[in-house]
Amino acid sequence: MKLIIQGLSLAAIILVLAACNDKEEVNSESGSVNDSTPSQTESTLDHGVKDKSDVGFEMSSDGNVEEATNVPEKEKTAVLNAFNEYIEAFNAEDIDRYLSVISKKPEGFNYEDDKKMVIETFENYDTVRTAEDVTIIEYNDKEAQVYSNLHIALHEPGSGAKLDRNGRQVTVFAKEEGKWLVTSVYFIGETSE
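Asker: I keep staring at the side chain of T171 and nothing clicks. Help me out?
Answerer: Along the chain, the position of T171 falls in strand β3 (residues 161-176). One polar contact links T171 to Q169, side chain to side chain, over a distance of 2.8 Å. Contacts of T171, omitting those with residues within four sequence positions, involve F83, Y86, A144, Q145, V146, V182, S184 and V185.

Asker: Which parts of the structure should I look at to understand the nonpolar core?
Answerer: Soluble globular proteins tend to bury their nonpolar side chains together. One finds Y86, Y98, I102, V118, I136, F173 and W180 to be the most contacted residues of the largest nonpolar core, which totals 29 residues. Counting residues per element, the ones that place at least two in this core are α2 (73-91), α3 (95-99), α4 (111-124), β1 (126-139), β2 (143-156) and β4 (179-192). At 7 residues, the largest contribution of residues to this core is made by α2. V65, I137, Y147 and V170 belong to the second largest nonpolar core, which has 6 residues in total.

Asker: What is the right way to read the environment of T130 from this model?
Answerer: As for its placement among the helices and strands, T130 is situated in strand β1. For the pair T130 and H151, spaced 21 residues apart in sequence, the C-alpha separation works out to 5.1 Å. Those residues within four positions of T130 in sequence are excluded, and the remaining contacts are N149, L150 and H151.

Asker: Even after reading the chapter, I still don't get unusual backbone geometry, so can you show me in this structure?
Answerer: A negative phi holds for most residues other than glycine; trans holds for most peptide bonds. Look at D133: it is not a glycine, yet its phi comes out positive at around 55°. With a phi close to 50°, E177 is a non-glycine residue in the positive phi region. Here E177 is to be found in the loop between β3 and β4.

Asker: Before we go on, may I ask you to explain the pairing of β1 in this structure?
Answerer: The side chains of a regular strand alternate between the sheet's two faces. Bridge count for β1 against β2 is 11 bridges, and the pairing is antiparallel. Residue pairing in the sheet places A131 in a bridge with L150 of β2. Counting the residues in the hairpin turn of β1 and β2 gives 3 residues.

Asker: Help me out: how do you make sense of the environment of L80 in this one?
Answerer: With respect to the helices, strands and loops of the structure, L80 is situated in helix α2. Here L80 falls in the partly exposed class, since its relative accessible area comes to 22%. Each C-alpha atom of the pair L80 and A144 lies 9.9 Å from the other, and the pair is 64 residues apart in sequence. Each residue touching L80, except ones within four places of it in the same chain, is listed here: V134 and I136.

Quick notes on the rules
Residues numbered from 1 in each chain as written. Predicted model: local features only at pLDDT ≥ 70, side-chain atom pairs only at ≥ 80, totals over all residues. Heavy atoms only, no water. Helix = DSSP H or I, 4+ residues; strand = E, 2+ residues; numbered from the N terminus. Polar contact = N/O pair within 3.5 Å; in protein donor to acceptor, adjacent residues only side chain to side chain. Contact = heavy atoms within 4.5 Å. Core = buried A, V, L, I, M, F, W, Y, C linked by side-chain atoms within 4.5 Å. Buried < 20%, exposed > 50% of the residue type's maximum accessible area, 1.4 Å probe, protein only. Pairing = 2+ DSSP bridges.

What follows is the structure, given as structure tokens:
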């Protein structure tokens, strides 16, 4: 049973990072999914960013995440709609819909490897992601970083094993041909049950 739970823990991290690659040669300066073995699940996974100061968030004294103040209303709506579609498409297990919000030229993962991993995930697991406190924390006309508190409920029908995972995620979107697309994902795990 411990092996199943460890496997599910790793699968949960993979699912959280649905836009991450397991091949180090894509960007030798970034992490890999293998960085998130069960004993290391509390670490930040820095996929696709050469300088960690490029991605992050600050909390106010009341514990809230600071929202970017320079986001035009039209772009704010577009970025948040793209984030919601990213979550909803994954939950619906709709590969074409999911891939429609993923960059074809991402910074933090390999598109083809991600596609293969997500197809395998949809075939083997039932997963529901729930995002709360969704906030645009950094913005310019080419990139937007979206913070969320994320809950992942993972179930493996074959074994009946279940895993719940909470964490904070920063999803980085790049504007490509007028659309906001996921280009990298950063997750900090909080608890595992």
